[in-house]
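A look at the structure
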Amino acid sequence: MSTPAELAAQLSALFRSDTLDTAESSAKSANAFILDKLNLRENQDADAQRRVLFNITGACVDEQVAQTISTAVLSELIALMSQSASELGQDVRQATLEHLLSKVQQRTSAFESVIIETRRALADMLMSEEKWEEAAQQLQGIRFE
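Keep in mind that what you see is a predicted model, and the values were worked out from it rather than measured. The residue count restarts for each chain, going from 1 along the sequence in the order it is written. Local features are withheld for residues below a pLDDT of 70 in this predicted model, meaning they are given only at 70 or higher, and side-chain atom pairs are given and counted only at 80 or more; totals for whole chains, interfaces and linings count all residues. Based on all heavy atoms of the structure, the side-chain values leave hydrogens and waters out of the count.

1. Some points on the confidence of the model for the protein
Considering every residue of the protein, the mean pLDDT works out to 84; 89% of them sit at 70 or more. The score called pLDDT rates the predictor's confidence residue by residue, from a low of 0 to a high of 100. The helix and strand labels rest on DSSP assignments: H or I over at least four residues marks a helix, E over at least two residues marks a strand, and numbering proceeds from the N terminus. Of all secondary-structure elements in the protein, the lowest mean pLDDT belongs to helix 2 (residues 23–38), at 80, while helix 7 (residues 132–140) reaches the highest, 93.

Here it is, written out as structure tokens:
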């Protein structure tokens, strides 16, 4: 399993390519990167999946990775975690979103859009479980300035 620093270097190299000239191609590359690292075909247990996703999150907030790259990858990660039909369990997806939020909160101004996306995804997940108060708390955390 790659460390966050190794993943950060891989992300920077991947997005340095001249072929990633559109937002759509960047999103596809980010999605492919995440799915490749998760390697769901190997039927990893929930703890292994969580470690991989936490490391990807750590790589994205690494200052060695450009802000545009981090935002693209984190947006794709949030989208993947928001899919209820995902091969990932609810607990893994929720833990990943909570971890992501704790990491990007440290750099609020740089990751404001990611924080909003993450809080919305967590709120949707919590509402699907009828955890209304927790969902409301996530939405309350969104700053409207």
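2. Let's talk about the environment of Glu63
Positionally, Glu63 belongs in the loop between helix 3 (46–60) and helix 4 (67–82). The buried label goes to any residue with under 20% of its type's maximum accessible area, the exposed label to any with over 50%, and the partly exposed label to all in between, with areas taken from a 1.4 Å probe on protein chains only. Under the relative-accessibility criterion, Glu63 is labelled exposed at 70%.

3. Overview of the pattern of salt bridges
In what follows, salt bridge is the name for a side-chain nitrogen of Lys or Arg lying within 4 Å of a carboxyl oxygen of Asp or Glu. Counted under the stated rule, the structure contains four salt bridges. Among the charged side chains, a salt-bridge network with shared partners connects Asp47, Arg50 and Asp91.

4. What to know about the packing of helix 3 against helix 5 (residues 90–105)
Angles shown run from 0 to 180 degrees and are taken between the N-to-C directions of axes, each axis being a line fitted to C-alpha atoms and, for helices, limited to the stretch in contact. At a closest axis distance of 10 Å, the pairing of helix 3 and helix 5 adopts a crossing angle of 25 degrees. The orientation of helix 3 with respect to helix 5, classified from their angle, is roughly parallel. Of the two elements, helix 3 crosses helix 5, and the hand of that crossing is right-handed. From helix 3, Ala46, Gln49, Arg50, Leu53, Phe54 and Thr57 reach across to helix 5, where they touch Asp91, Val92, Ala95, Thr96, His99, Leu100 and Lys103. In this classification, Asp, Glu, Lys and Arg are treated as charged, Ala, Val, Leu, Ile, Met, Phe, Trp, Tyr, Cys and Pro as nonpolar, and every other residue, Gly included, as polar. For the contact of helix 3 with helix 5, a count of residues per class yields six nonpolar, four polar and three charged. What sets the label is the angle itself: under 35 degrees gives roughly parallel, over 145 gives roughly antiparallel, 65 to 115 gives roughly perpendicular, and the rest give oblique. Handedness of a helix crossing follows the sense of rotation of the near helix relative to the far helix, less than a right angle counterclockwise being left-handed and clockwise being right-handed. Residues count as neighbours in contact if any of their non-hydrogen atoms are within 4.5 Å of one another.

5. Section: the environment of His99
Tracing the backbone shows His99 in helix 5. What makes His99 buried here is its relative accessible area of 17%. Residues contacting His99, with those up to four places away along its chain left out, are Phe54 and Thr57.

6. Structural notes on unusual backbone geometry
Phi is positive for Glu130, close to 60 degrees, though the residue is something other than glycine. Take Glu130: it is sitting in the loop between helix 6 (112–128) and helix 7.

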